[in-house]
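Reading the structure
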Protein chains: 2
Amino acid sequence: MLVVQKYGGTSVGSTERIRLVAERIQRTLALGHQCVVVVSAMGHSTDALVDLAKELSDQPDAREMDSLLATGEQVSASLLAMRLAHLGTPAQSLTGWQAGIETERVHGNARVTSIATTHLKSLLSQGITPIVTGFQGIAEGHVTTLGRGGSDTSAVALAAALEADACEIYTDVDGVYTTDPRVVKQARKLAHVSYDEMLELANLGAQVLHPRAVENAKHFSVPLVVRSSFSEEEGTSVVAITENALEDRQVVTGIAFERQVARIAVIGVPLAQHGLATIFSELASHGVNVDVIVQSVVEVAAVDVSFTVNEPDVKQAVDIVEGLRSDLGYTAVESQTDLAKVSIVGAGMISNPGVAAQMFVTLRDANIAVHMVSTSEIKVSCVVSASEVERAVKALHATFVEADAEASLTGAGSKTK
Amino acid sequence: MLVVQKYGGTSVGSTERIRLVAERIQRTLALGHQCVVVVSAMGHSTDALVDLAKELSDQPDAREMDSLLATGEQVSASLLAMRLAHLGTPAQSLTGWQAGIETERVHGNARVTSIATTHLKSLLSQGITPIVTGFQGIAEGHVTTLGRGGSDTSAVALAAALEADACEIYTDVDGVYTTDPRVVKQARKLAHVSYDEMLELANLGAQVLHPRAVENAKHFSVPLVVRSSFSEEEGTSVVAITENALEDRQVVTGIAFERQVARIAVIGVPLAQHGLATIFSELASHGVNVDVIVQSVVEVAAVDVSFTVNEPDVKQAVDIVEGLRSDLGYTAVESQTDLAKVSIVGAGMISNPGVAAQMFVTLRDANIAVHMVSTSEIKVSCVVSASEVERAVKALHATFVEADAEASLTGAGSKTK
């Protein structure tokens, strides 16, 4: 079996931890598996490099920033290979270019275009374990980096190119939970989650697995496992949803939530003005990320458009919309802060039309007002007051997860930190 | 004019210093020159990487050590290129492989075999200043490093390959001195020194310029300049000796010295035993460096062989020689520690046969006993007691340098730290 193992920054954050990672790799090899390892930079070493750059330029050159940051993973890869060699396990560190990871030439946020696997396969056939630097590649001879969550992306891309049997993401939590265990102590670890559910749960699990890596894993059908590098616990498998998986009748997989939400409402936009296109193009061109969008018809010839943004962006977003007033001829702009978003996520919802209603009943019974609603095939999101989000999450977890718990207990009992 | 500028670890030791280096490069470009820059790792960053490696292995894998250490220069090169870009000066950092620096595959101490200059020349023709990582190259796709003084070697190799008009070595001293200014306050900076003299003065100037770089510079006739990155002072030019240079009648260029010298004498080695070959082969195979070697005939069929080693090696060297006693049939082995070596160096000596005698007279007048003598065409070395070495250096400096000072004053007045 060929396994790609990715170790995040915390997992290689010190020489003590690098020793533990080396031992885990040895145990994997001892089972007769082949292993390709992907590492992030040690702990906060990337931040230290960014600080140095900031001392030299308020807007550091993107090419040079990539060359600079790429050294972080080179250090951890070399140290890990060195430790394995010390233990008698043949290993070689490989930078992005040595591993043949080609990307577009976009500095700071490049996409992997191809991986030349000949050299990696040659090492594996010689019994040498490649330790590949995550987060980086090469484009026309220039070092590029893959942006946030880049090492997850590297691992998934390598697993896809090598047609690996599994891609294990080692991190500092032991899997994906039904909700944040810091908010709901009954939260339990999921044994399985589908790629789509994982994407919807991403704002719970951003530290666990980057959405871009999940998208790539889904696209290339790479079987992912998220598990802790500090324990032997089984983690959470991220897989394509199957009929079998549906049979476990777990309608709602998890409760996601997000704080610092603000709502902006543009009232009375004449229908003829195509307000949606104008407003959201303008916001996008200014780099304002919009999440939930709701349009409701209030009268025959006009609509109200509401949307949410991250709270720190609210003033900029309002200013942008104000600037469109003469073009659009709307009646008013309103904004509201101190909101939050709570979502129930589950592939099983597709075949359970009553789930949204059950969510609204739960929130009503808890006396929590819903300001906005948005739905997708596997998710229902409600915008509520920030002060009520934890109560909402607890109530929804009780209704959808704990009530189902007897039916399908997974690896419960262990908690994230 | 094409200039290669090399900045050592102290010169790029902080972001403040990197700013100063960027400004100096701009001033060079403003004169209409083209510039290829070579940098060392920042300050003591290499030591920090070595410490990490040592925590993982008492004898770190050589390939991985090279990959690890190479990151140090990548960081400083990227930061410097970033700073130049910030100031509006186009620049690109290049690692060993990006700059096309091929070496033998010997990890930790590789020799440069070739430099593919096409890419460097293309950057220069586009008005982009290449910032090349010193100390490193590539061999068969593996990162290699060039060993001690490697960045000097990189700079000289690049200057040779690019047929540069000058190779400037920026460091924390402002040139090469007639002797160590900490010992003789009248020491003065040399305007010129020949490659051979520089090599003989190397133990004075090891921090200034690595002997290997000087050898390469001599071989490829690369004109070197050693100067300070902290001042605008003219430095010292290291050049091939010319008839003109001889005309300045400076017979002795500088007074070199070395502490921690030990002497070993092997007494009564039968001539038939070829003692020299046996003794020094055996010492070399054990990695003991031998400096001065003197053989004297004491009787018709036997010789005394004396040699010096670094004081910390003396016990090992004596043990090795003791082990050869039955093979060689010598009479006795003696050793003496607390010695030092003082040398007068100067290309002018070749045509001045009385110089050695003048040295002995100077030492006799100062009442300093000479334990061993060794000569080369441009150097005379005497082994003296360690307690007398400073007096010896002062006396010799007074005789050979200060007495000549009126005739050829160079950039005197400035001191190393």
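Report on the accompanying structure. (Residues numbered from 1 in each chain as written. Chains lettered and ligands numbered in written order. Predicted model: local features only at pLDDT ≥ 70, side-chain atom pairs only at ≥ 80, totals over all residues. Heavy atoms only, no water.)

1. What about the overall build of chain A?
Keep this limit in mind: Helix and strand definitions here come from DSSP, where helices need a minimum of 4 consecutive H or I residues and strands a minimum of 2 consecutive E residues; each element is numbered from the N-terminal end. As defined in this context, the radius of gyration uses C-alpha atoms, and a globule is described by 2.2 Å times the residue total to the power 0.38. Summary of the burial criterion: residues with accessible area below 20% of their type's maximum are buried, those above 50% are exposed, and those between are partly exposed, where the area comes from a 1.4 Å probe applied to protein chains only. All accessible areas in this document rest on Shrake-Rupley with a 1.4 Å probe, and a residue is counted as covered only by the protein chains that are shown. Under this rule, positive means Lys or Arg and negative means Asp or Glu; His and the chain ends count for nothing. Charge placement uses NZ in Lys and CZ in Arg. For Asp and Glu, CG and CD serve respectively.
The number of helices and strands found in chain A is 14 helices and 18 strands. Taking 22 Å as the expected radius of gyration for a compact globule of 417 residues, we find that chain A reaches 24 Å, a close match to that expectation. Each principal axis of the C-alpha distribution contributes one length, and for chain A these read about 75 × 55 × 35 Å. Expressed as a percentage of the 417 residues in chain A, the buried residues total 54%. Of the roughly 17400 Å² that chain A leaves accessible, carbon and sulfur atoms contribute 50%. With 31 positive and 49 negative side-chain charges, chain A shows a spacing of 5 Å between the two charge centroids.

2. Describing the state of the cysteines
Rules: Disulfide: a pair of cysteine sulfur atoms within 2.5 Å of each other.
A full pass over the atoms with the stated rule returns zero disulfides over all chains. Free cysteine B:C167: the closest other cysteine sulfur is in B:C35, separated by 11 Å.

3. Quick notes on the packing of helix α13 (residues 355-365) of chain A against helix α14 (residues 389-400) of chain A
All names here are of chain A. Where we set the bar: Lines fitted to C-alpha atoms define the axes, with helix axes restricted to the stretch in contact, and inter-axis angles between N-to-C directions lie between 0 and 180 degrees. Between 65 and 115 degrees an angle is taken as roughly perpendicular, under 35 as roughly parallel, over 145 as roughly antiparallel, and anywhere else as oblique. By the definition used in this description, the sense in which the near helix is turned from the far one sets the handedness, with an anticlockwise turn below a right angle giving left-handed and a clockwise turn giving right-handed. By the convention used here, residues are in contact when the closest approach between their heavy atoms is within 4.5 Å.
It is at 10 Å that the axes of α13 and α14 come closest, and there the two elements cross at 130°. Looking at the two axes, α13 sits oblique to α14. Considering how the two elements wind past one another, α13 and α14 form a crossing that is right-handed. On α14, the residues that touch V355, Q358, M359, T362 and L363 of α13 are A392, A395, L396, T399 and F400.

4. Observations concerning unusual backbone geometry
Residues and elements named next belong to chain A. Even without glycine at this site, F135 takes up a positive phi of about 75°. The residue F135 is located in the loop between β6 (129-133) and β7 (136-139) in this model. Although it is not a glycine, D338 adopts a positive phi angle of roughly 60°. Mapped onto the fold, D338 is located in strand β16 (residues 332-345).

5. Quick notes on the relation of the copies chain A and chain B
To keep it simple, the criterion reads: Alignment of copies: least-squares fit on C-alpha atoms of residues with pLDDT of at least 70 in both copies.
With an axial shift of 0.0 Å and an RMSD of 0.1 Å, the rotation relating chain A to chain B amounts to 179°. In the structure described here, the two chain copies are related by an operation that fits a two-fold rotation axis. Of every C-alpha in chain A, the one belonging to A:T71 sits nearest the axis of rotation, 2.8 Å from it. Same-surface contact between copies: 100% of interface residues of chain A are shared with the interface of chain B.

6. Regarding the packing of helix α5 (residues 150-162) of chain A against helix α8 (residues 211-219) of chain A
Residues and elements named next belong to chain A. Quick note on the threshold: Gly falls in the polar group here, along with every residue not listed as nonpolar (Ala, Val, Leu, Ile, Met, Phe, Trp, Tyr, Cys, Pro) or charged (Asp, Glu, Lys, Arg).
Packing of α5 against α8 leaves a shortest axis separation of 8 Å and a crossing angle of 10°. One finds that α5 runs roughly parallel with respect to α8. Two secondary-structure elements touch here, α5 through D152, T153 and V156 and α8 through R212, A213, N216 and A217. Partitioned by chemical class, the residues of the contact of α5 with α8 number three nonpolar, two polar and two charged.

7. Quick notes on the interface of chain A and chain B
Definition in use: Using a 1.4 Å probe, buried area is obtained as the accessible area two parts lose upon being combined, added over both of them. By salt bridge we mean one thing: a side-chain nitrogen of Lys or Arg within 4 Å of a carboxyl oxygen of Asp or Glu. Identification of polar contacts relies on pairs of N or O atoms within 3.5 Å, with a donor-acceptor requirement for protein atoms, meaning one able to donate a hydrogen and the other able to accept it, and with residues adjacent in sequence counted only if both atoms are side-chain atoms.
Taken together, the 38 residues of chain A in the interface contact 38 residues of chain B. Both sides together, the interface formed by chain A and chain B hides about 3200 Å², and carbon and sulfur atoms give 62% of it. On the surface where chain A and chain B come into contact, there are zero salt bridges. There are 17 residue pairs in polar contact (both at pLDDT 80 or more) connecting chain A and chain B. Sorting the residues of the side of chain A that touches chain B by element identifies α1 (15-30), α2 (45-56), α3 (62-86), β3 (91-94) and β8 (142-145) of chain A as the ones contributing at least two each.

8. A closer look at α1(A)
All names here are of chain A. As a reminder, the rule being used: Helix span, expected: 1.5 Å multiplied by one less than the number of residues in the helix. Working note: the arc is built from the helix axis to C-beta atom directions.
The end-to-end C-alpha separation of α1 is 22 Å, in line with the 22 Å expected for 16 residues at 1.5 Å each. Every buried residue of α1 is listed here: T15, I18, V21, A22, R24, I25 and T28. Seen end-on, α1 carries its buried residues on one side only, within an arc spanning 165°. Exposed and facing more than 90 degrees away from the buried side of α1 are E16 and A30. Residue G32 follows α1 closely and has a positive phi angle near 90°.

9. Things to note about the pattern of salt bridges
Residue and element names in this part refer to chain A. On inspection of all chains with the given rule, the structure shows 30 salt bridges over all chains. Salt-bridge contacts for R259 lead to E390; the nearest nitrogen and oxygen are separated by 3.2 Å. With R259 in strand β13 (residues 254-270) and E390 in helix α14, this pair connects stretches of sequence that are 131 residues apart. According to the relative accessible area criterion, R259 is partly exposed, its value standing at 42%.

Read these as layout, nothing more, since geometry by itself doesn't imply function.
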